[in-house]
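Descriptive structure summary
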Amino acid sequence: MEKQVPECFYRLSVKALIRDEENRFLLVREDNGFWELPGGGLDFGEFPLDGLKREIWEEMELKTNHISTQPAYFFTVKNHNNVFIANAMYETRLESFDFVSTNECKEIRFFSPDEVFAEKCVYPNVIAFAELYQKEPLNH
């Protein structure tokens, strides 16, 4: 029996906006070759900042030293599995970039929006974010 999802349902995903000195943002390459924003789905009852810390640790075994208390960006998109997701992106700083390779993260790299548009293997939410970031970049 197929599970019925209410029309107004969005899976909530907490994402890290980690930027370099050139104002590019960090993406992680999964074992399938696709680039994704760091972070993931928020567990039921979990606080967003706790979920983001957990996801960064699970993906890269990295610790954060700062996560903003309010999202810098919020956007919705239909993902590659045809599921509607709401992405809350928090400005985040890491203690280091010495990540441990996992199935969820084989490589990390900073991208500009134009570099995202030129890349073939990116998820729909990454493209949606790059479009938003290009229109409304954070400059601090």
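Definitions and cut-offs
Residues numbered from 1 in each chain as written. Predicted model: local features only at pLDDT ≥ 70, side-chain atom pairs only at ≥ 80, totals over all residues. Heavy atoms only, no water. Salt bridge = Lys/Arg side-chain N within 4 Å of Asp/Glu carboxyl O. Helix = DSSP H or I, 4+ residues; strand = E, 2+ residues; numbered from the N terminus. Buried < 20%, exposed > 50% of the residue type's maximum accessible area, 1.4 Å probe, protein only. Expected span 1.5 Å × (residues − 1). Arc of directions from axis to C-beta. Contact = heavy atoms within 4.5 Å. Pairing = 2+ DSSP bridges. Disulfide = S-S within 2.5 Å. Phe/Tyr/Trp six-rings, centres within 6.5 Å; stacked < 30°, edge-to-face > 60°.

A few words on the pattern of salt bridges. Considering all chains together, one arrives at nine salt bridges under this definition. Between Arg 24 and Glu 22 there is a salt bridge, with its nearest N and O atoms 3.8 Å apart. Ionic pairing is found between Arg 54 and Glu 58, a salt bridge with its closest N-O pair at 3.2 Å. Here the residue Arg 54 and the residue Glu 58 both occupy positions in helix α1 (residues 48-60), the gap between them amounting to four residues, near one helical turn. Classification of Glu 58 as partly exposed rests on a relative accessible area of 38%. Taken together, the salt bridges that share partners define one network made up of Asp 43, Glu 46, Arg 54, Glu 55 and Glu 58.

The backbone of Glu 61 sits at a positive phi, close to 55°, despite the residue not being glycine. Among the structural elements, Glu 61 can be located in the loop between α1 and β5 (64-67). Classification of Glu 61 by relative accessible area gives partly exposed; the value is 37%. We note that Asn 82 has phi near 65°; this positive angle belongs to a residue other than glycine. Structurally, Asn 82 can be placed in the loop between β6 (73-78) and β7 (84-94).

A few words now on helix α3 (residues 124-135). With twelve residues, α3 extends 17 Å between its outermost C-alpha atoms, agreeing within 8% with the 16 Å of an ideal straight helix rising 1.5 Å per residue. Within α3 the residues assigned to the buried category are Asn 125, Val 126, Phe 129, Ala 130 and Tyr 133. End-on view of α3: buried residues confined to an arc of 135°, all on one side of the axis. The inward-facing, buried residues of α3 contact β1 (11-17), β2 (25-29), β3 (35-36), β6, β7 and α2 (113-118).

With respect to the helices and strands, Thr 64 occurs in strand β5. Judged by its relative accessible area of 16%, Thr 64 is buried.

Across its 13 residues, α1 extends 18 Å between first and last C-alpha, which sits within 8% of the 18 Å expected from 1.5 Å per residue. Restricting attention to buried positions, one finds in α1 the residues Gly 51, Leu 52, Arg 54, Glu 55, Ile 56, Glu 59 and Met 60. Positive backbone phi, at 55°, marks Glu 61, one or two positions downstream of α1.

Let's shift gears to the sheet that holds strand β8 (residues 107-111). Strand order in the open sheet formed by three strands is β3-β2-β8, with antiparallel pairing between adjacent strands. Whereas interior strands pair on both sides, the edge strands pair on one side only; in this sheet they are β3 and β8. Note: β2 against β3, two bridges, orientation antiparallel. Across the sheet, residue Arg 29 finds its bridge partner in β3, namely Trp 35.

By the definition in use, this model includes zero disulfides. Considering cysteine sulfurs only, Cys 105 is the nearest to Cys 121, which forms no disulfide, with 16 Å between them.

The next point concerns the packing of aromatic side chains. The full count for this structure, using the stated rule, is nine aromatic pairs. A centroid spacing of 5.1 Å and a plane angle of 25° characterise the contact between Phe 34 and Tyr 123, whose relative ring orientation is stacked. Here the residue Phe 34 occupies a position in the loop between β2 and β3, and Tyr 123 occupies one in the loop between α2 and α3, the gap between them amounting to 89 residues. By way of ring pairs, the aromatic residues Phe 25, Tyr 73, Phe 75, Phe 129 and Tyr 133 are connected into one cluster.

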